[in-house]
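Commentary on secondary and tertiary structure
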Amino acid sequence: METPKSLKYTKEHEWIRLTDEKNDDGKQIAYVGITDFAQSELGELVYVEVDTVGDSLDQDDVFGTVEAVKTTSDLFMPVAGTVIEFNPTLDESEGDDPGIINADPYKEGWIIKIAIEDQDQLDELMSAEDYEALVG
Amino acid sequence: MKETVLTPVHIGLGAKMAEFAGYNMPIVYTNIQEEHHAVRKNVGVFDVSHMGEFIIRGKEALELIQLVTSNDASRLQIGQAQYSCLPNDRAGIVDDLLVYRLTEEMCSEGEHAFMLVVNASNIQKDWEWISRHNSFDTEMINISDRTGLLAVQGPNAADVLQPLTSIPLHEMKYYTFEKGVFAGVENVLVSATGYTGSGGFEIYVDNQHLMTIWEAIFKAGEHAGIVPVGLGARDTLRLEMGYCLYGNDIDDATSPLEAGLGWITKLKKDHFISVDHFRKQKEQGLEKKLVGFTVQDRRVPRHGYDIVDNDEKVIGRVTSGTLSPSLQMPIGMGYVPAEIARPGQEIHVVAGRKLLKAEIVKLPFYRETP
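Residues numbered from 1 in each chain as written. Chains lettered and ligands numbered in written order. Predicted model: local features only at pLDDT ≥ 70, side-chain atom pairs only at ≥ 80, totals over all residues. Heavy atoms only, no water.

Concerning the sheet that holds strand 18 (residues 346–351) of chain B
Residue and element names in this part refer to chain B. On the basis of which strands lie adjacent, the closed barrel formed by six strands has the order 14-17-16-15-18-19 and antiparallel pairing. Put simply, the sheet's adjacent strands are angled 45° from each other on average, direction ignored. In terms of strand pairing, strand 16 (residues 314–324) meets strand 17 (residues 329–337) through seven bridges, oriented antiparallel. Its bridge partner lying in strand 17, arginine 317 is registered against tyrosine 335. With respect to the sheet, helix 7 (residues 231–240) is in contact with strand 16 and strand 17, its orientation differing from that of strand 16 by roughly 120°. (Pairing = 2+ DSSP bridges. Helix = DSSP H or I, 4+ residues; strand = E, 2+ residues; numbered from the N terminus. Axes fitted to C-alpha atoms, helices over the stretch in contact; angles between N-to-C directions. Contact = heavy atoms within 4.5 Å.)

This is how it looks when you write it as structure tokens:
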């Protein structure tokens, strides 16, 4: 199981990857997805629903849902922020390929891009080491 | 956690394991949908040794079985099996099960012998329930812990297994069984039954021979591309057929009549537990019925989701749901008021913040196209 050191993690099995980009309001842009452990536990994903693009959400708010064959799982905001983009590879109007998350959870399988509202909340997230300890 | 003889084999094959009914069982080896399609189109093997088996034997074995089960076991010939359920005394279901009428070569004059195959999660409960009603000249033997069970399912099952046995597999009728030599092992019970809707066999064998049988089946099926199949695909396969799963679709509080199991609830039979309740239910009409529905959305209905009407009033509950690998659409089963339980009826399912539009359909969801 892969847990890249450069990312931060939530106990709900999301990761967040910071970029150097900022939006017009000067908020830092980050990518959010689910971990290798999460995709492996869920099994083959069949649908990802994100209907929160444009919304400002609090930390731990639900920003979407993933459907696997066997189970459904909500997706939670690692930090407060605005959802600015849904990965077009996962968008059903563009002929989605949810299996990309199983195949490449940390890169091509990112789920949303957000503009971070509260940088301080990043400190509350787990390091790769802590996350690995959590999932054993 | 308990293990089957094959648990280490599943782990060695890289299966994702999980606790099921107290056993460490394989949920998926590679991919639920691939395993599902293997059973629908070719052949796959399930280790379902966690299932429970009771032998009921004696002069009044039939009387005991007739009392505790809802189907009519007097119709069973030797070599036939029957789907049935154990009603409780409140018109609910203790368990659903298979009743096998065994050969009588081990019996004394005038005795009959049956095997009951019950759900793993209910072994203890069923045993106590049936024992409590056994005021008959009948012996009960719990062989669950020493009996292994493999389900070899799919259209190519007979072709793959035939070289391993002289039992004429292609000629066996659905819900019949034979005991014989299988892969060199004597006294193997081969049953033309299953929980997938794709045909095949269930093979009961003493645990000491389970590994031999497993290995022989995979060797015999290698050229055909036989694969191991986990409980994940077992659930999608049974749900596409509209088969009930105990604990999801039926339980201590659901009536077999409500669950669409009227065909195994023989109200004309003299007497069995709760028969008066069932007769009354039939006479007065049912309040709710178990139906199948398809969802016109990519979201999947799940056990426990509410079913609502057009005014978003809760009218029922989803009991099972999945993405159907064969149909590539979400399907589910659930209880709805009897007056709307008809194909074509629109209902809605509450998935978190979202309302999914669904339509009641006739079961099974999936039919084999020859």
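Here we look at the pattern of salt bridges
Evaluation of the coordinates by the stated rule reveals 21 salt bridges over all chains. When the shortest N-O distance is used, the salt bridge between B:Lys354 and A:Glu49 registers 2.4 Å. On the criterion of chain membership, the pair formed by B:Lys354 in strand 19 (residues 354–361) and A:Glu49 in strand 4 (residues 45–49) is interchain, its members lying in two chains. Exposure remark for B:Lys354: the relative accessible area of 23% places this residue in the partly exposed category. A salt bridge links B:Asp72 to B:Arg75, with the shortest nitrogen-to-oxygen separation between them at 3.6 Å. (Salt bridge = Lys/Arg side-chain N within 4 Å of Asp/Glu carboxyl O. Buried < 20%, exposed > 50% of the residue type's maximum accessible area, 1.4 Å probe, protein only.)

As for the domain arrangement of chain B
Residue and element names in this part refer to chain B. Taken as a whole, chain B is organised into domain 1 (1–285) and domain 2 (287–370). For domain 1 and domain 2, the distance between their C-alpha centroids amounts to 27 Å. The interface of domain 1 with domain 2 comprises 22 residues on the first partner and 23 residues on the second. Sorting the residues of domain 1 by area buried against domain 2 places Leu239, Glu240 and Glu258 first, and these three jointly supply 36% of that buried surface. (Domains from an automatic or database assignment. Buried area = accessible area lost by both parts, 1.4 Å probe.)

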